[in-house]
Amino acid sequence: MIEVRQLTRVFRTYKKQPGFWGGVKGLFHRQFEDTAAARDVSFDIKEGEFVGFLGPNGAGKTTTLKMLSGLIYPTSGTARVGGFDPSKRENAYRRIFALVLGQKNQLWWDLPAIESFHLIRAIYGLPADSFKATLDELVALLDVGHKLNVMVRELSLGERMKMELIAALLHRPRVLFLDEPTIGLDVVSQKAVRNFLREYNQRHRVTILLTSHYMADIKELCERVIVIHKGTKIYDGALARLETSSGARKKIISFVPALAEGAEVASAAFPDTWQSQHGTTSRAPDGKFTLTVPGDKVVAVSQEVLSTGPVADITIEDVPLEDVIAELFQSR
Ligand SMILES: Nc1ncnc2c1ncn2[C@@H]1O[C@H](COP(=O)(O)OP(=O)(O)OP(=O)(O)O)[C@@H](O)[C@H]1O
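Residues numbered from 1 in each chain as written. Predicted model: local features only at pLDDT ≥ 70, side-chain atom pairs only at ≥ 80, totals over all residues.

**Some words on the overall build of the protein chain**
What the protein chain contains, in helices and strands, is twelve helices and 13 strands. Once the C-alpha set of the protein chain is aligned to its principal axes, its extents read approximately 75 × 60 × 45 Å. Looking at the protein chain residue by residue over its 332 residues, the buried ones come to 33%. (Helix = DSSP H or I, 4+ residues; strand = E, 2+ residues; numbered from the N terminus. Buried ≥ 20, exposed ≤ 12 C-beta atoms within 10 Å, placed from the backbone.)

**A short note on the sheet that holds strand β7 (residues 207-211)**
The strand order β5-β6-β7-β3-β8-β9 describes an open sheet built from six strands, whose pairing is mixed. Edge strands, defined here as strands with exactly one partner in the open sheet, are β5 (97-101) and β9 (232-238). In this sheet, neighbouring strand axes are inclined to one another by 15 degrees on average, regardless of whether the strands run parallel or antiparallel. Examined bridge by bridge, β5 and strand β6 (residues 175-179) share five bridges and lie parallel to one another. (Pairing = 2+ DSSP bridges. Axes fitted to C-alpha atoms, helices over the stretch in contact; angles between N-to-C directions.)

**Quick look at the packing of helix α5 (residues 128-142) against helix α6 (residues 157-169)**
Between α5 and α6, whose axes approach to 10 Å, the crossing angle comes to 155 degrees. The pairing of α5 with α6 is recorded here as roughly antiparallel in orientation. As α5 packs across α6, the resulting crossing turns out to be right-handed. For the pair α5 and α6, the contacting residues are L138, V139 and L142 in the first and K162, L165, I166 and L169 in the second. Looking at side-chain class alone, the contact of α5 with α6 contains six nonpolar, no polar and one charged residues. (Parallel < 35°, antiparallel > 145°, perpendicular 65-115°, else oblique. Left-handed = near helix turned anticlockwise from the far one by under 90°. Contact = placed C-beta atoms within 7 Å. Nonpolar A, V, L, I, M, F, W, Y, C, P; charged D, E, K, R; others polar.)

**Focus: the sheet that holds strand β1 (residues 2-14)**
Read from one edge to the other, the open sheet built from three strands follows the order β2-β1-β4, with strand pairing classed as antiparallel. Edge positions in the open sheet fall to β2 (32-45) and β4 (76-81), since each of these has one partner strand only. Across the sheet, the mean angle separating the axes of adjacent strands is 30 degrees when strand polarity is ignored. Bridge count between β1 and β4: five bridges; the pairing is antiparallel.

**Observations concerning helix α7 (residues 187-204)**
Between the first and last C-alpha of α7 there are 26 Å, a value that for 18 residues agrees with the 26 Å anticipated at 1.5 Å per step. Inspection of α7 places Q190, A192, V193, R194, L197 and Y200 among the buried residues, and these make up the whole buried set. (Expected span 1.5 Å × (residues − 1).)

**A few points about the site of the ligand**
Neighbouring the ligand are the residues F11, T13, T35, A37, G55, N57, G58, A59, G60, K61, T62 and T63. Here the shell around the ligand is built from residues that sort into three nonpolar, eight polar and one charged. (Near = placed C-beta within 6 Å.)

**Regarding unusual backbone geometry**
The phi torsion at R89 lies on the positive side, around 50 degrees, for a residue other than glycine. Inspection of the secondary structure puts R89 in the loop between β4 and α3 (91-94). R89 sits in the partly exposed class, given 13 other C-beta atoms within 10 Å. At E180, a position not held by glycine, the phi torsion is positive, near 55 degrees. Turning to its location among the elements, E180 is positioned in the loop between β6 and α7.

**Here we look at the domain arrangement of the protein chain**
Each assigned domain of the protein chain is listed with its residue range as follows: domain 1 (2-243) and domain 2 (250-330). Put simply, the middle of domain 1 and the middle of domain 2, counted by C-alpha atoms, are 40 Å apart. For the side of domain 1 that touches domain 2, the elements supplying multiple residues, two or more each, are α8 (215-221), β8 (224-229), β9 and α9 (239-243). Looking at the side of domain 1 that touches domain 2 residue by residue, the class counts come to seven nonpolar, one polar and two charged. (Domains from an automatic or database assignment.)

**Observations concerning the packing of helix α4 (residues 113-124) against α6**
Contact pair α4 / α6: the axes reach a minimum separation of 10 Å and the direction vectors enclose 15 degrees. Relative to α6, the element α4 is oriented roughly parallel. Crossing of α4 over α6 shows right-handed handedness. Facing A113, S116, F117 and I120 of α4, the residues of α6 in contact are M163, I166 and A167.

**Regarding the nonpolar core**
Counting residues in each nonpolar core, the largest one holds 65 residues, and the members touching the most others are I166 and F177. Among the elements that line this core, the one with the most residues is α6, at seven residues. Contact partners of F177, with chain neighbours within four places excluded, come to L65, L68, S69, F97, L99 and L209. By size, the runner-up hydrophobic cluster in this structure holds seven residues, among which are F255, F270, V293 and V305. (Core = buried A, V, L, I, M, F, W, Y, C linked by C-beta atoms within 7 Å.)

**As for the pairing of strand β12 (residues 289-294)**
Because side chains alternate across β12, one face comprises the buried residues F289, L291 and V293, and the other comprises T290, T292 and P294, none of which is buried. Sheet topology places strand β10 (residues 250-257) next to β12; six bridges connect them, and they run antiparallel. Looking at β12, one finds that I252 is bridged to T292.

Pasting the structure below:
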């Protein structure tokens, strides 16, 4: 459904010298800086796949999604989505994809969402019965029936995002580009949006490319992830494989020493020397110790902790996916 070949976008920006005279100088000798926001990015996505698109701030995710949506032209390389070249901006292409930018609104602020939906119906020329069927389905899935007549500017952030998703899906696109659709939402709304996206993807086999800085989104929705860093693709494959990479093979052991008689926290059994012998150790103000240890040493280190001093509580967890990905970026 999506074929991207060596897609590159270079932005040329004017580099202003500091101060007033810097501005005047710039009138005569302009200095430019080139930024390759995307560099030789290639990938294929099959129909119905739900792929996570990851990268730190400024990696080039939004730029790539904008090129795939035909909002900006590539400097070089090609893209085909559903057989169309997005840069040609054909009307037929506009009918098969949607782009949702979590930080931007497409709904009219001073109108109730339902009126924006009717405007979208008119723009796409959607038949009344299929429009109604789609709207009813989306409204029920997102549970926003009671908010359809409220001005968009009076909606909560979560309600607004749900309306944005409805607006994007009214014309039944085959491909959905989602750029941070859960940004700023509370955990309950994030979960509602995630549940909706999972259900919608399974029901309609829509191909989805999702960027999010919330790893819960990616973990719950995407089996496959594409990771870019400084405009270049550095990983494309199963999320599970990323999770078993070196960083992920580590575990985090957290424990709280038991309270001693008369003492605030009994940490004497775990002095600085003990801590320095155990690699990455940190101690929180509440007395909780955190050790990051290789997976094959977890049992031995846990036994050692328990035999070294009285322990009130101990937990063993996986290294968060955020840290695994951060390690991937750092190794580049
Ligand atoms: N219109 C533009 N003009 C000049 N530079 C740009 C423009 N748009 C993006 N860039 C630069 O391209 C790089 C990639 O930006 P992009 O917005 O694609 O990153 P991103 O991965 O989406 O980041 P974030 O996670 O912060 O949204 C950045 O260095 C950015 O400054």
